[in-house]
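Observations on the three-dimensional arrangement
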Amino acid sequence: MTERGLQRTASYASTDDESNASEDRVRVCVRIRPLAPKEAARGATISCRADGSEVVLDEGKRYAYDCVFGDKSCDEAQAQDDVWRELAPTLAPAAKEGYNVSLLAYGQTGSGKSHTMFGRKSCRGVVPRFCEALFEDGEEGLSVAASMLEIYNEKLRDLLVTSSESLRIREDPQTGPYAAGATVVKCASAQDLLRLVRLGARNRTIASTRMNETSSRAHTVFTVRLVRDSVEDGYSLRRSACVHLVDLAGSERQKRAGSTGTRLKEAGHINRSLSTLSAVVNALTKKDGRHVPYRDSTLTHLLRDSLGGNARTTMVATVSPSIDDGNETHSTLRYAERCKKVACRPVINETELSKRDSIIRKMAEEIRLLREELAAEREKKTVRPQGFSSSSEPLEDDSSPGKALTMARQRMEQDALQRITDYESSMSTLSEWAPAGCDSLTTVDQL
C-alpha cells in the first residue's frame, strides 16, 4: 500500500472568507536595486523610488504592491535582511503546515534576481536562509529531499549531475507535473541542503552580456519536498509540501545586450518562455474560461500548480531605478500588477491514512476487549459430555450464538492489524519515500 495511493488533499483555505482572501492570491513584492557603479559613473538619473508599499515613477504614476523594498545602497547586507524578514513567514512555516509554496524572482536582466535568491557569502539571499530555517527548530519527524534543475533553451537539465541529457516532464495525478529522472537527494540537515545548492549553482549556465557580466542564461528551479509527522488531538498526522524557489532568467533586448550567436539564441528562448508566462497570467486573470497555455513552455508546464493551482505563491519583481532602463522597469511593474490578480487554491496536503491509523488502533483495542468478553462467556457455556474427565479438553457448543460473532470479530481484528502493518511499513523511513517519478533517493555524499 503506497503513500501516493492513500493521499488526499483536505482544504483548510476558504475563498469566501475575506480574512483569508489575501492568502488565496499571488503575493507580489517589488525590489528596487541601487544604481550600479557604471550607471552612477555616467550620471544616470533615477526613474523610480519606493514610497511605503508603492513604487512611484518619475512622471508621478504609482503602483501599489504587498511590499516594496527600496534602494539601500549604503547597506547591502541590511537590504538582504529586510527581504528575508518579509518573506520568511511565507516559506518554511507554511511548508511545515502542509502548504505547497512557490517563490519566483522576475525582472529584466541585471535587475538583481539572482542576488535576491542566492546572494553572496557576505550577504546571503533567500535560498540559503530558507535551508537553515527549515531545520532551525530541530523538529523530529521531518523528512526532506531536494533537487535542482534549470531550463536552458526550453530543455530541462539536472544541475546535480554532469550529464547533459535533458529530462522530460511527466504528470502525476496526485502531485502534478514533475521532472522524470531528476536526481532527488535526501537531506538530514541544513548543511546538506546548502551543499546541494552550492553544487547546483556551480553547474548553472551563466555568461557575460553588455548589460550583465554574470547573466543567467536559464531559469533555475530549486525544489524541496518535505514530509512532517506529528500528533495533534490524539491523531497521527502526516503533512507533505513541495517548495519551488525559482530564479527566472531575465528578459533582454538584443540591441542593448549586444547578444549574438549562442547568446542571441538563449535570449530568444528566454523571452519566449517569459512571454508564455505572461500569457498564462493573462488567461488566469480574465476568468472567462479561456484555455490556459501551461504546456506552451517548459517553465509554465513544470510550475503549473504555482500559477493558479495548489500553492501559496509569492513573486519578487526586481527593477532597475536607472532612467536608461525605464521601459523595462515600466513593463515589469505592469506585469507584477497583473500577477496580483491571479487566484491560487492553496490547501493543506494531508495523508488520509495517518488519521485512519489512529482510528484502526482504537478499533483493534475494542475488538481485543470484546474477544476477552466472548472468551469468558464461552467458558460459561462449554458443554462437557458424560464419560470425559474434568481434565479433558472442553468442547465448544456448535450451537452457541457467540461463535459466528467471534469469527467475525477475529476477521475484523486481522484486517485492522494488517492495515496498521501496511501503514507503518509505508511510512517507516525517508529512504523508502520518494516523490513522483523517483524510484530512490540519493544522499549528498553519493553526488
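Structural data are supplied above this passage.
Structural notes, computed from the coordinates. (Residues numbered from 1 in each chain as written. Predicted model: local features only at pLDDT ≥ 70, side-chain atom pairs only at ≥ 80, totals over all residues. Heavy atoms only, no water.)

Side note on the overall build of the chain
A count of helical and extended segments in the chain gives 13 helices and 19 strands. Sorting the 447 residues of the chain into buried and exposed places 50% on the buried side. Put simply, the chain shows about 22000 Å² of open surface, and 47% of that area lies on carbon and sulfur atoms. (Helix = DSSP H or I, 4+ residues; strand = E, 2+ residues; numbered from the N terminus. Buried < 20%, exposed > 50% of the residue type's maximum accessible area, 1.4 Å probe, protein only. Areas by Shrake-Rupley, 256 points an atom, 1.4 Å probe, with all protein chains shown as cover.)

Here's the deal with the sheet that holds strand β3 (residues 48–51)
By way of backbone hydrogen bonds, the strands of a sheet pair with one another, either parallel or antiparallel. One open sheet holds the 3 strands; their spatial order is β3-β4-β5, and the pairing between them is antiparallel. The two strands at the open ends of the sheet, each matched to only one other strand, are β3 and β5 (62–64). With strand direction ignored, the average angle separating the axes of adjacent strands in the sheet is 25°. Here β3 runs beside strand β4 (residues 54–57); their pairing, made up of 4 bridges, is antiparallel. Within the sheet, the bridge partner assigned to R49 lies in β4 and is V56. (Pairing = 2+ DSSP bridges. Axes fitted to C-alpha atoms, helices over the stretch in contact; angles between N-to-C directions.)

What about the environment of K340?
Assignment of secondary structure puts K340 in the loop between α11 (326–339) and β18 (348–351). In this structure, the C-alpha to C-alpha distance between K340 and T314, residues 26 residues apart in sequence, is 9.5 Å. What K340 contacts, discounting residues up to four positions off in sequence, is R25, V26, V28, A64 and Y65. (Contact = heavy atoms within 4.5 Å.)

Brief notes about the environment of M407
Looking at the secondary structure, you find M407 in helix α13 (residues 401–426). On the basis of relative accessible area, M407 is assigned to the partly exposed category, the value being 39%. Put simply, M407 and R371 are 36 residues apart on the chain and 9.8 Å apart in space, counted from C-alpha to C-alpha.

Some details on the pattern of salt bridges
The final tally for this structure, using the stated rule, is 20 salt bridges. A salt bridge links D247 to R204; the nearest nitrogen and oxygen atoms lie 2.8 Å apart. Here R204 lies in the loop between α7 (190–202) and β13 (206–207) and D247 lies in strand β16 (residues 235–247), a separation of 43 residues in the sequence. Summarising the burial analysis for this pair, D247 and R204 share the class buried. The partner of E350 in a salt bridge is R239, with the nearest N and O atoms 3.2 Å apart. Of this pair, E350 sits in strand β18 while R239 sits in strand β16; the two residues are 111 residues apart in sequence, bridging distant segments of the chain. Each of R217, E252, R263 and E266 takes part in a single network of salt bridges with overlapping partners. (Salt bridge = Lys/Arg side-chain N within 4 Å of Asp/Glu carboxyl O.)

Thoughts on α11
Spanning 14 residues, α11 covers 20 Å between terminal C-alpha atoms, matching the ideal 20 Å at 1.5 Å per step. All of the buried residues in α11 are G326, E328, T329, H330, T332, L333, Y335, A336 and C339. (Expected span 1.5 Å × (residues − 1).)

Overview of the pairing of strand β10 (residues 168–172)
As paired elements, β10 and strand β11 (residues 176–180) share 5 bridges and run antiparallel to each other. Directly across from D172, in β11, lies its bridge partner G176.

Things to note about the packing of helix α9 (residues 262–286) against α11
Where α9 contacts α11, the two axes come as close as 9 Å, and the packing angle between them is 40°. On the basis of their axis angle, the class for α9 and α11 is oblique. Relative to α11, α9 is oriented so that their crossing is left-handed. Seen from α9, the contacting residues are L277, S278, V281, N282 and T285; seen from α11, they are Y335, R338 and C339. Residue classes in the contact of α9 with α11 are distributed as 4 nonpolar, 3 polar and 1 charged. (Parallel < 35°, antiparallel > 145°, perpendicular 65-115°, else oblique. Left-handed = near helix turned anticlockwise from the far one by under 90°. Nonpolar A, V, L, I, M, F, W, Y, C, P; charged D, E, K, R; others polar.)

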